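Each chain, letter by letter, is given below.
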Amino acid sequence: MGIKGLTKLIADNAHGAVKEQKFENYFGRKIAIDASMSIYQFLIVVGRSGSELLTNDAGEVTSHLQGMFNRTIRVLEAGLKPVYVFDGQPPDLKKRELAKRFARREDAAEDLVTAKETGNEADVEKYSKKTVKVTKQHNEDCRKLLRLMGVPVVEAPSEAEAECASLCKAEKVFAVASEDMDSLTYGSTRFLRHLMEPTSRKLPVLEFDIAKVLEGLGLNMDQFVDLCILCGCDYCDTIRGIGPQTALKMIRQHGSLEIVLENLNKDRYQVPDPWPYQEARRLFKEPLVTPPEKVPEFKWTAPDTEGLRQLLVEENGFNNDRVMKAIEKLKVAKNKASQGRLESFFGVSSSSSNKRKEAPDSEASAGKQVKTAAAVKPAKAASKKGPAKGGKKK
DNA sequence: ACTCTGTATCAAGACGGT
DNA sequence: ATAATTGATACAGAGT
DNA sequence: ACCGTCC
């Protein structure tokens, strides 16, 4: 469920914290992506008709592979450097919420059976979507695919969103791309929504800057976390009668959940019992993540052509020609991206620090990259911090 | 009147040929 | 045994 | 841009 009403709250109260961007502006940027969420969407939509999905000869689902393969090529072709982050064990506090969702899905499963019996097509459609689940196998399939594609994979110890935020805070990645507003609560410094939409000509990318969000809301980070808990998150029930507006007002007025609770009119509002807001707070502020110094340097390497052919064509019945053509695109994209990073670096710093001159580069695509570099220009020196690997070991 | 919350409902990818 | 979405939107209804 | 297909 993310954080209830947070998008609107930010839009209304922190104007300027969100910028519209173009997909292309992230050329050369390392971007952390929550893999489980992507897989879920692919399973819902890729080649699904009723409860049928794309499958191989053995009847195993392949929709997630199809979706992940195409999308990742697309991302790499745009010069982005994706890091896919997979979920680990959910925290105990989330178990109750998960149980609720499980129950909801059980209901949907029953409704699906009924819909199938009565031949109600629309309902079959509806309930099929609701009964989709991402299995361990789906996750393993995608990790294998991504490794063969030469794309880095991170296995989070717990929540993927928390791990993404940690990578972002430690400047291991430039931004986190997700549809889940929790990312901000976990403290992602730069957060992208609708990253994929512009490619299908729908919405612009929305880039959230957490510092400006805080500034606009008039809160510090601790207070922002408290606000999110009060609005409603995965870890706590809400206080009936308090929504986003009231939550913001109260946190602004009192400064912390403790003081809000002290001053709360108990006749008017009933606080759930128990209401483990302190644990929730801890999960947002000190989630279980890989310590940044233990995160290896990410590398985007050449695809393993034969491995990919084996996995997709031999094991999963993908069309050989399509796969081979896609792998070619992949190789081209990889080459372009590695030289493009260099060039966009030049573009950014050309006026100030243009000391290196040995760019062994640039033929065909120079014009395009100039444009990209110019667009990206504003203030990025910080994230350039460690493009090479040496610095941090231990 | 207005503001806010709670509930229900919906949609969700990407390619290639035309 | 091993999976547990999400946010936007529209509308109803409660409270101020 | 639309639409069938991807497996």
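Residues numbered from 1 in each chain as written. Chains lettered and ligands numbered in written order. Predicted model: local features only at pLDDT ≥ 70, side-chain atom pairs only at ≥ 80, totals over all residues. Heavy atoms only, no water.

A. Focus on the UniProt feature "binding site: DNA" in chain A. Within this structure's numbering, the places UniProt gives as "binding site: DNA" are R71, E159, G232 and D234. These residues run over 164 residues, and the two farthest C-alpha atoms among them are 31.9 Å apart, placing them at more than one spot. Within the element layout of this structure, R71 appears in helix 3 (residues 63–77). Residues in contact with R71, not counting those within four places in the same chain, are S38, F42, Y84 and M196. In this fold, D234 is placed in the loop between helix 10 (221–231) and helix 11 (244–254). The class for D234 is buried, based on a relative accessible area of 6%. Within the structure, the side chain of D234 is placed 2.9 Å from the side chain of R101, a separation counted as a polar contact. (UniProt positions renumbered as here; feature names shortened; annotations may be inferred. Helix = DSSP H or I, 4+ residues; strand = E, 2+ residues; numbered from the N terminus. Contact = heavy atoms within 4.5 Å. Buried < 20%, exposed > 50% of the residue type's maximum accessible area, 1.4 Å probe, protein only. Polar contact = N/O pair within 3.5 Å; in protein donor to acceptor, adjacent residues only side chain to side chain.)

B. A look at the confidence of the model for chain A. Taken over all residues, the pLDDT of chain A has a mean of 87, while the share at 70 or more is 86%. Considering only residues more than four positions removed or in separate chains, one finds that residues 346–394, a stretch of pLDDT under 50, has 45 contacts. (pLDDT = per-residue confidence, 0-100.)

C. Here's a closer look at the environment of I229. Relative to the assigned elements, I229 resides in helix 10. On the accessibility criterion, I229 (0% relative accessible area) is buried. Discounting residues that sit within four places of it in the chain, I229 has contacts with C236, L257, W275, Y277, A280, R281 and F284.

D. Spotlight on the domain arrangement of chain A. Partitioning chain A into domains gives domain 1 (6–217) and domain 2 (219–287). Taken over C-alpha atoms, the centre of domain 1 sits 27 Å from the centre of domain 2. In this assembly, 22 residues from domain 1 lie in contact with 21 residues from domain 2. A combined buried area of about 2000 Å² lies between domain 1 and domain 2, and 62% of that area is made up of carbon and sulfur atoms. (Domains from an automatic or database assignment. Buried area = accessible area lost by both parts, 1.4 Å probe.)

E. Examining the protein's contact with DNA strand C more closely. Near DNA strand C, the surroundings consist of 19 residues, among which M37, R101, F102, R105 and V134 are the closest. Close to the protein, within 4 Å, the atoms of DNA strand C belong to sugar or phosphate groups at a rate of 70%. Interatomic distance of 3.2 Å between a side-chain N/O atom of D180 and a phosphate oxygen of DNA strand C. Of all the secondary-structure elements, those providing two or more residues to the surface near DNA strand C are helix 2 (35–45) and helix 4 (95–118). At four residues, the largest contribution of residues to the surface near DNA strand C is made by helix 4. Of the residues assigned to the surface near DNA strand C, the class counts are eight nonpolar, three polar and eight charged. (Near = heavy atom within 4 Å. Nonpolar A, V, L, I, M, F, W, Y, C, P; charged D, E, K, R; others polar.)

F. Summary view of the protein's contact with DNA strand B. Among the 20 residues in the neighbourhood of DNA strand B, the closest are listed as R71, R74, G241, G243 and T246. Taking R74, its side chain carries an N or O atom lying 2.7 Å from a phosphate oxygen of DNA strand B. R240 places a polar side-chain atom, nitrogen or oxygen, 3.3 Å from a sugar or linking oxygen of DNA strand B. Elements represented by at least two residues in the surface near DNA strand B include exactly helix 2, helix 3, helix 5 (121–130) and helix 11. For the surface near DNA strand B, the element with the most residues is helix 3, which contributes four residues. Per-class residue counts for the surface near DNA strand B are five nonpolar, eight polar and seven charged.

G. Here's a closer look at the UniProt feature "binding site: Mg(2+) 2" in chain A. Mapped onto this numbering, the UniProt entry gives "binding site: Mg(2+) 2" at D180, D182 and D234. Of the residues just listed, which span 55 residues, no C-alpha pair is farther apart than 11.5 Å, and they cluster in one region. Ignoring sequence-local partners within four residues, the contact set of D180 consists of G2, E161 and F191. Of the polar contacts made by the side chain of D180, one reaches the backbone nitrogen of D182; its length is 2.9 Å.

H. Region of interest: helix 5. When we look at burial in helix 5, the residues that qualify are V124, Y127 and S128. Each buried residue of helix 5 sits inside an arc of 110° when the element is viewed along its axis, so together they form one side. Against the buried residues of helix 5 lie helix 4. (Arc of directions from axis to C-beta.)

I. Looking closely at unusual backbone geometry. The omega torsion of the bond from D273 to P274 falls at 5°, within 30 degrees of zero and hence cis. When you line up the elements, P274 lands in the loop between helix 12 (257–263) and helix 13 (277–285). At E171, a residue that is not glycine, the phi angle is positive and equals roughly 60°. For E171, the position within the fold is in the loop between helix 7 (160–169) and strand 5 (175–177). Classification of E171 as partly exposed rests on a relative accessible area of 41%. Unlike most non-glycine residues, H194 shows phi in positive territory, near 60°. If you trace the backbone, H194 turns up in the loop between strand 6 (190–193) and strand 7 (205–209).

J. Geometry of the pairing of strand 3 (residues 81–86). The buried count for strand 3 comes to six of six residues, which makes it a mostly enclosed element. Burial of strand 3 is two-sided: the residues K81, V83 and V85 facing one way and the residues P82, Y84 and F86 facing the other way are all buried. Relative to strand 3, strand 2 (residues 30–34) runs parallel, the two sharing five bridges. By the bridge assignment for strand 3, A32 is matched with V83. (Pairing = 2+ DSSP bridges.)

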